[in-house]
Amino acid sequence: MTGVGVGLLLQLGLGALAVMSALTAAPSLRSRAGGILCTLIAVAGFLTGLAALLGATGGLPIPIALPMDPLLLAPDRLGGLFMLIVSGVGILVSLYSMSSTRGPDASRTAWVAMPVFLVGMQLVPAATDSVSFLLAWEVMTLGSTVLLLADHASRATVASAGIWYSAMSQLSFFFILAGFAVLAAATNGTSFTDLQTIEPGGASANVAFVLFLLGFGGKAELVPLHVWVPRVLPEAPSHVSAAMSGAMVKIGVYGGLLVCVRLLPDGPAWWGITIMLVGGASALYGILQASVSSDLKVLLAYSTTENMGLVFLGLGASMLLRGSGATAAADAALVAALLLAVSHAAFKSTLFLGAGAIIHATGERNLDRLGGLGARMPVTAAAFGIASLGAAAIPITSGFVAEWMLLQSLIHGGRRDGAVVSVATSVAMPLAVAVIALTAGLALLTFVKAYGIAFLARPRSEEAADAREVPPLMQLALALGALFVLALGLLPGPIAALVAGTVSSDPTAAVRSVGLGGVALPGIGAMLDPIMLVVLSALIAVPVVASIIVSAHRHPHRTIDLPWGGGGSRARPRMQYTATSYAEPLVRVFDDVLKPSRDVQVTHVAESRYLVERVRVEQRVSDVFETRLYRPALNLFQRYGIVVRHVANGSIHRYLSYSFVALLIVLIVVSL
Amino acid sequence: MNNAVTAIIIALVQVVLFVFLAPLLIGVIRQVRARIEGRAGAGIWQPWRDVRKLLAKNPVRAADSSWMLRAGPVALMVSSLLLCVLLPLVGTIPFPSIPSDLFVIVSVMLIGVVALALVGLDGGTAFGGMGSSRHMTVAALVEPTLLLAVYALSIPAGTSTISAIVETRLFSPEVIISPVSVLALVALSIAIMAETGRLPIDNPGTHLELTMLHEAMTLEASGRDLAWLEVGSWLKLAALLGLVSNLVLPWGVVTDFSTLGLLIGVVSIAVKVLVLGVLLSVGEIFLAKVRLFQVPELLAGSFALAFLAVTASYLVA
Amino acid sequence: MSFLRLASLIRHGARIAEPAPPAPPLFEGAQVFGGSVQVRFINAGGCNDCALEVSAAFGPVYDVERYGVRLVPSPRHADVLLIVGSVTRNMAEPLRRTIAATPTPRFVIAVGDCALSGGVFQAGYGITGPVSDFVHVDIEVPGSPPEPADIVRALRRMTGR
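This structure is a prediction, so every number in the text was calculated from the model and none was measured. (Residues numbered from 1 in each chain as written. Chains lettered and ligands numbered in written order. Predicted model: local features only at pLDDT ≥ 70, side-chain atom pairs only at ≥ 80, totals over all residues.)

Bringing the overall build of chain B into the picture now. A tally of regular secondary structure across chain B gives 11 helices and one strand. Along its sequence from the N terminus, chain B presents helices and strands in the succession α-α-β-α-α-α-α-α-α-α-α-α. Rg of the C-alpha trace for chain B: 19 Å, near the compact-globule value of 20 Å for 317 residues, within the 12% margin. Dimensions of chain B, computed from the C-alpha atoms along their principal axes, are close to 55 × 45 × 45 Å. Taken across its 317 residues, chain B has 67% of its residues classed as buried. A separation threshold of at least 6 residues defines the contact pool for chain B, and within that pool the share at least 24 residues apart is 80%. (Helix = DSSP H or I, 4+ residues; strand = E, 2+ residues; numbered from the N terminus. Rg over C-alpha atoms; globule rule 2.2 N^0.38 Å. Buried ≥ 20, exposed ≤ 12 C-beta atoms within 10 Å, placed from the backbone. Contact = placed C-beta atoms within 7 Å.)

The following block contains the structure:
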C-alpha cells in the first residue's frame, strides 16, 4: 500500500477512534479528547492531500458486497488540493473546538458527528467513482446536519435552520445523483474514467451539466439555491460554521470543477456563460445582502455566497475563454478560481472563528451591540482584521492575489494577438470586470463595517464592555488562520504554481513563480510581487515613522476622557454610528433589489400630541429569493398537500377501492 | 545605467517632487477659488504653513480611541506615497518586479480609503461614523467606473500596466483623441473627483458636519494625526491629477533616462498638475454639491460611459 | 456668466476685499503657529450681534482668511478659540469641554463686551459669568459689538501677517 493509501486508511481509523472516544469518554474529557483526535484526523488528511497534490499516486480500495467493482479512494492532484483545503480548515476548527465547545455544543452527539463530518469531507475529493463520491457526500451532509442541530432544544431558530438545511442538501444530493445517473446510463460505468468518455455536447451531457450545476451550486451556496446559508451558518456553533463555510462549501466547488474540468470538459459556450451569470449574480447578491446585514454571522454567511459566486465566475470565464481559444487567459482564470477557493478557506474560517470568539466573550453577534473589542481582545482583533483584509481583497493578503489574477485573465481574455476573440467575450469580459469591481467595492464596505463597528470605537453594550480575550487554544487557531491568510498573500508564486499543476497540463505556461515568491502570468504578461511591495512600503514608511517619533518626543499627546461630540455631555456610546446606520445609504441606493421594510412607531407624551416620548425605528431586509421564490413555491406545495389529504383520509373503503381501480387499470393495460 | 537604478532615481524624484507639489497644488486651488470669489486669498504656500504648524502641536486623543487613530493616518500617508512611486508621473520606467499594474495601484489606493474610514469610525462619534459610511458607499460605487475606465484605456496598449499605457499614448497620439479614449477619460475624471472628495460629490470647504464626507472623518484627529490625514489626501489628489494629465498629454514624460529629460519631466508634470488644479478650481466654482442620494446616479452615468468605452473598443476598433 | 467674462474678472480684479491695513505686532507666544491659525468659533450665549461681526470678518470684504486664518469644524483642529457672548448656564459645560478638546498650544480670544464682562446681561439669572471665569483670555476685543476690523486685528496678532 502506498503512502496515500495509508493516509486514507489512517483517516478512517482515527475517525472510528474519535467516534468511540466521544461515546465513551467522560463529559469533562470529551471535548479535549475529541478535539485532539479530530486534529489528528485533519493532520492525516492534510498530509495525504499534500502528498496527492505533489503527485503521489495510490489509493485505498474498499471491497463491497454489491455486484460491482470495489470502491476506490485515490485522490488525484485536484482531489489532493481540495483534501488539503478541507483538512487545513479542519485543523483550525478542531484546535479551536477543544476549548470553545460548551453546553450542548460539547454533547456526546455533537462529538460523534464532528469526526464523521470531517472524514466525510476529506474523503469526497478522494473518490474515483460516483458511488464512493455519493457515499462520502452523504456522510459529510449527515455529520454537518447533526452538528448544526446541537443546540436545537434551547433555540427554535436552530430547528427551523435544520429543516431548511436538510431539505436543501437533500435537494442537492438528488440533483447530483440524477446527474451521475444520466452520465452512467450514457456511458455504462460508474467510475469517473468511464463517465468522462461521454460525447461532449450531446443531449445527455447537457442534461447532466444542468443537474450537476443545480446540485453542486446548491452546496456552493449559489443564487438562488443559497437560501439555507443565512439561516444555517449563523445558527450553527461557530466552529461548525467555520468548517461548513471554509471547507464544506469548497466540496461544492470541487464538484463544479470535477464536472467542468474532468468529466465534461469542452462544453458548448452557453455552459460557460450560464456559470458566469449564476456566479456573477451570486457574487453581487451575496455581497449586497452581506453589506446591509447587522448580524455578524449572517454577514459572513452571505459573504460566502459572494466568494463562491466569484469562484464560479472565474470557472465560467475559463470555460468561455477556452472555448474561444484564449488558452492563456483561460488557464489564468481557472487558477484564479482555485486560488480564490484556497484563500476563501483561509480567511472565511478565520472570520467565523473570530465571530465565535466574539460570541464566546460577549454572547452577542449583533454588531449594533458590539464595539471597542480591539482593546479588550487584541489577538482576536488582529486575526479578524487580517482575515477581513483578505475578504476585502486588500494587498498583501490571499484574497487580493486571487482577485488580481482573475481580473488579469478577464481583461486579457477579450483579445488574442490583437484581434477580438468573439462577441460573447467582448460583452462578457467587461461585464464580469464590472461585477467583480462592484463586488470588491461592496466587500470593502462590508468588512470595514464588520471590523470597525465590532472592534473600534466605544462599546455599545455592557456585554461588549465586559469582554475578555478568549482561551489560548482559540487564540492559537485564530492566529494560525491569520497566518495562512498572510502567507498565501505574500508567497503567491509557489502556491499558484502548485495549484496550476492540478488543472493544467502545462502549468509553467500558465503561471510561474518569480522573484521573492511573486507570481507571473507568462501568457498574459502580468506579474505581482507582494514581498517587493512590502519592502517598498517599508522604505517609504521609514521617513514618515521617523518624523512621528521625533514629533512625539517633542510634542507628546494628551489624553482626554471624551471624543469630540459637539461639546455636549450627551456624546454617549449609544449615539455612535451602528452597523445598521452604516449600511443605511446602501439600503437606499439598492432598495429596488433589497426591498427593505421599515417600521416607525412614535409614542407621544400623554399630555400633548406635539411632544414625542420615544420613537422606535425598525428596519428589516429580507431575502428576496426566499420571499418571492421559495415562499410561493412552499405555499403551492402546502395547498397541494391539503388537497391530497382528502384523497387519503384514512377510510379503509376508499383505500380498497383505490387498489381495485389500480388492478383494473393494470389488467386493461396488459390486455391491450 | 540599468533599468533598476533609473527606476529608483525616478521614483525618488517623483516622491520628493509630489511631497513638495501636493500642498502647493492645494494652495493654488484655494488661491484661485479665493480670487474668483473676490477675496485676496491666503497665498499658495498656506497649506505648507498649516502642515508645519500641525506637526508642532500636541495632539489630543480620546481615552476610548485605539491605535487606529495613530496608525490610520500613517497608513493613508504611506498608501498615497506608494501611489506617487508606482504611477508614471515623471517617467514611465517601472520598478523591476513591481510594474505599475492597474489593479495593484487601485488596491494601494484602497488601503488609504480603508484607513481613513477606520479612523472615522474609531472616534466613536456620530459624525465620524456618518462620514465613514458615506465615504465607503461612494468608494464602493466608484470602483466599477474606475476599473472599467482604465480597462478601456488599457485595450490599445494590450496591457494593464499604466506606464505602458502612457507610453502607447505618447508614441501614437491618435489614440488620445479616439472616441473610446475620450469616453473613458470623462468617466475616469468623474471617478477621480468622487474618490478624492471634490465637488460635486463632496465639498472640501464645508464647515457643516451634515454635508461632510471626507471632513467628517477627520473631526477627531488633531496635531500630527491630522497632518498625515491632510497631506495623504492632498498627495492622492495630486498623484491622480498627475495620472490624468499624463493620459491626456503624455508629452514630457521620461521614457529614456537622461538628466535633461528628467528635468523636463519634472517641470512638465509640475506644470501639468498645477494647470489641471487651476482648471479644477475654476470648474468647481460653477458646481454645487449634489445631494448624497443623487451621487449614485452620477456614478451610474459615469459607469455607463466607461462600459460603453470598453465594449466600443472591442467591437468598433 | 461666460467663461471669458469670468477670466477677465479674475484678471482685472473683481476684488471685493479691501486693501490690507498694516500688520499689528505678533502676539507673544504665537510664533509657534508660523502664520497659520485655525479658529473654532464658540457662541457661549450672546445675542448674535458679535457673531454677525465675526461672520463679516470672515466674509470677502474684510477677508481675514488672507492672513492665514481659517474657521474649522472641530476644536481638535483649532489653535484659537474665538468666544462671543456671556457664558450661559447651558453653555458653561460645552465651553469647558471645547477648551479641553483643543490641542495645545492654544490661545483664547474673547470678542465683545458680553464675553469680557457680561455686558448688559451681567446680572441675568441664566448667566454664569464672563469668559475669563472659565479660561484665561489672551486677547480681548472690546465693543458691543466690536467692528470686524477689530476682530481682524486680533486674529492678525495670532498669525503675525
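Looking now at the overall build of chain A. From N to C terminus, chain A includes 27 helices and 10 strands. Relative to the globule expectation of 26 Å for 672 residues, the C-alpha radius of gyration of chain A, 27 Å, shows essentially globular dimensions. With respect to the principal axes defined by its C-alpha atoms, chain A has extents near 100 × 70 × 60 Å. Looking at chain A as a whole, 56% of its 672 residues qualify as buried. In chain A, once contacts between residues fewer than 6 apart in sequence are set aside, the share between residues at least 24 apart is 78%.

All names here are of chain A. The strand order across the open sheet formed by three strands is 5-6-7, and the pairing between neighbours is antiparallel. The open sheet has two edge strands with one neighbour each: strand 5 (512-514) and strand 7 (526-528). Neighbour-to-neighbour, the strand axes of this sheet turn through a mean angle of 25°, independent of strand direction. (Pairing = 2+ DSSP bridges. Axes fitted to C-alpha atoms, helices over the stretch in contact; angles between N-to-C directions.)

Counting residues in hydrophobic clusters, the biggest one holds 359 residues, and the most contacted among them are A:Val335, A:Val433, A:Leu444 and B:Ala149. No other element matches the 23 residues that helix 13 (residues 327-362) of chain A contributes to this core. Not counting residues up to four positions away in its chain, the partners in contact with A:Val335 are A:Met405, A:Ala496, A:Val499, A:Ala500, A:Ala510 and A:Val511. Of all hydrophobic cores here, the second largest spans 40 residues; its members include C:Phe107, C:Leu116, C:Leu155 and C:Met158. (Core = buried A, V, L, I, M, F, W, Y, C linked by C-beta atoms within 7 Å.)

To continue, consider the sheet that holds strand 5 (residues 107-111) of chain C. Paired through backbone hydrogen bonds, the strands of a sheet run either parallel or antiparallel to each other. All names here are of chain C. Read from one edge of the open sheet, five strands run 2-1-3-5-7, paired in parallel fashion. Two strands lie at the open edges of the sheet, namely strand 2 (69-71) and strand 7 (139-141), each paired on one side alone. Between one strand axis and the next, the sheet turns by 25° as a mean value, whatever way the strands run. Pairing of strand 1 (residues 37-43) with strand 2 involves three bridges; the strand directions are parallel. Counterpart to Val37 in the pairing with strand 2 is Val69. The strands touched by helix 5 (residues 148-159) are strand 1, strand 2, strand 3 (80-84), strand 5 and strand 7; relative to strand 7, the strand with the most contacts, the crossing angle is about 165°.

To continue, consider the interface of chain A and chain B. With 69 residues of chain A at the contact, the number on the chain B side is 67 residues. Of the residues forming the side of chain A that touches chain B, the biggest block, 15 residues, is contributed by helix 17 (residues 423-455) of chain A. Pairing of strand 8 (residues 558-560) of chain A with strand 1 (residues 60-62) of chain B involves three bridges; the strand directions are parallel. Directly across from A:Ile560, in strand 1 of chain B, lies its bridge partner B:Ala62.

Residue and element names in this part refer to chain A. Among the secondary structure elements, Gly316 is positioned in helix 12 (residues 296-324). Remark: the alpha-carbon pair of Gly316 and Val542, spanning 226 residues in sequence, is separated by 44 Å. Apart from residues lying up to four places away in sequence, Gly316 is in contact with Gly272, Ile273, Ile275, Met276 and Gly279.

Residue and element names in this part refer to chain C. The element strand 3 is extensively covered by neighbouring structure, given that five of its five residues are classed as buried. Sheet topology places strand 1 next to strand 3; five bridges connect them, and they run parallel. Among the inter-strand pairings, Val39 is bridged to a residue of strand 3, identified as Val80. Where strand 3 meets strand 5, five bridges bridge the pair, whose relative direction is parallel. Looking at the pairing, Leu82 lines up with Ile109 of strand 5.

Do not read the predicted coordinates in detail wherever pLDDT is low. Residues and elements named next belong to chain B. Summary statistics for chain B give a mean pLDDT of 88 and a share of 99% for residues scoring 70 or more. Within chain B, helix 9 (residues 223-248) carries the highest mean pLDDT (93), whereas helix 8 (residues 214-217) carries the lowest (85). Interface predicted TM-score (ipTM) for the complex: 0.94; the corresponding pTM is 0.93. (pLDDT = per-residue confidence, 0-100.)

Once that is clear, we can look at the interface of chain A and chain C. Each partner contributes residues to the interface: chain A has six residues there, and chain C has nine residues. Looking at side-chain class alone, the side of chain A that touches chain C contains three nonpolar, three polar and no charged residues. (Nonpolar A, V, L, I, M, F, W, Y, C, P; charged D, E, K, R; others polar.)

It helps to recall that an α-helix has 3.6 residues per turn; residues three or four apart then point in one direction. Taking 1.5 Å per residue as the helical rise, helix 20 (residues 492-503) of chain A with its 12 residues ought to reach 16 Å, and the 17 Å between its terminal C-alpha atoms agrees with that figure. If you check which residues of helix 20 of chain A are buried, you get A:Pro492, A:Gly493, A:Ile495, A:Ala496, A:Leu498, A:Val499, A:Ala500, A:Gly501, A:Thr502 and A:Val503. (Expected span 1.5 Å × (residues − 1).)

Here we come to unusual backbone geometry. The omega angle of the peptide bond from A:Pro395 to A:Ile396 is -15°, so this bond is cis rather than trans. Position of A:Ile396 among the secondary structure elements: in the loop between helix 15 (378-391) and helix 16 (398-411). Look at the link from C:Thr104 to C:Pro105: it is a cis peptide, with omega at -10°. Located in the positive-phi region is A:Glu221, a residue other than glycine, with phi close to 65°. In this fold, A:Glu221 is placed in the loop between helix 8 (203-219) and helix 9 (229-235).

Before going further, it helps to examine the pairing of strand 6 (residues 518-521) of chain A. Residue and element names in this part refer to chain A. Neither face of strand 6 is exposed, since Gly518 and Ala520 on one face and Val519 and Leu521 on the opposite face are all buried. Counting the residues in the hairpin turn of strand 5 and strand 6 gives three residues, including Gly515, whose phi is positive at 55°. Pairing between strand 6 and strand 7: three bridges, direction antiparallel. By the bridge assignment, Leu521 is partnered in strand 7 with Ala526. The antiparallel hairpin formed by strand 6 and strand 7 contains four residues in its connecting segment, where Gly525 sits at a positive phi of about 80°.

Describing two packed helices takes the angle between their axes plus the distance from one axis to the other. All names here are of chain B. Running from N to C, helix 9 and helix 10 (residues 259-285) cross one another at 105°; their axes reach a closest spacing of 9 Å. Taken as axis vectors, helix 9 and helix 10 run roughly perpendicular relative to one another. Only Ile269, Lys272, Val273, Leu276 and Gly277 of helix 10 make contact with helix 9, whose side of the interface consists of Ala238, Leu241, Gly242, Val244 and Ser245. Its residues assigned to classes, the contact of helix 9 with helix 10 shows six nonpolar, three polar and one charged. (Parallel < 35°, antiparallel > 145°, perpendicular 65-115°, else oblique.)

Residues and elements named next belong to chain A. Its location among the elements puts Leu389 in helix 15. Considering only alpha carbons, one finds Leu389 and Phe347, 42 residues apart in sequence, at a separation of 8.7 Å. Filtering out sequence-adjacent residues up to four positions away, Leu389 remains in contact with Ile394 and Thr397.

Before going further, it helps to examine the packing of helix 4 (residues 102-122) of chain B against helix 5 (residues 126-157) of chain B. Residue and element names in this part refer to chain B. Close contact between helix 4 and helix 5 brings their axes to 9 Å; oriented N to C, the two are set at 175°. Between helix 4 and helix 5, the angle falls in the class roughly antiparallel. Note on element contacts: helix 5 touches helix 4 through Gly128, Gly129, Gly131, Ser132, His135, Met136, Ala139, Leu146, Leu147, Val150 and Ser154, opposite Leu102, Val106, Val113, Leu116, Ala117, Gly120 and Leu121. Here the residues of the contact of helix 4 with helix 5 sort into 11 nonpolar, seven polar and no charged.

All names here are of chain C. Restricting attention to buried positions, one finds in helix 2 (residues 49-57) the residues Cys50, Glu53, Val54 and Ala57. Burial along helix 2 is one-sided: seen end-on, the buried residues are contained in an arc of 100°. Looking at the buried positions of helix 2, the neighbouring elements they touch are strand 1, strand 3, strand 5 and helix 5. (Arc of directions from axis to C-beta.)

What follows deals with the confidence of the model for chain A. Per-residue confidence for chain A gives a mean pLDDT of 88, with 99% of residues at or over 70. Here strand 3 (residues 415-416) of chain A stands out as the element of chain A with the lowest mean pLDDT, 69, in contrast to helix 15 of chain A, whose mean of 93 is the highest.

Turning our attention to the environment of A:Val158. All names here are of chain A. With respect to the secondary-structure elements, Val158 resides in helix 6 (residues 156-187). The buried category is assigned to Val158, around which 21 C-beta atoms lie within 10 Å. Sequence spacing of Val158 and Val644 is 486 residues, and the spatial spacing of their C-alpha atoms is 30 Å. Ignoring sequence-local partners within four residues, the contact set of Val158 consists of Leu149, Asp151, His152 and Glu235.

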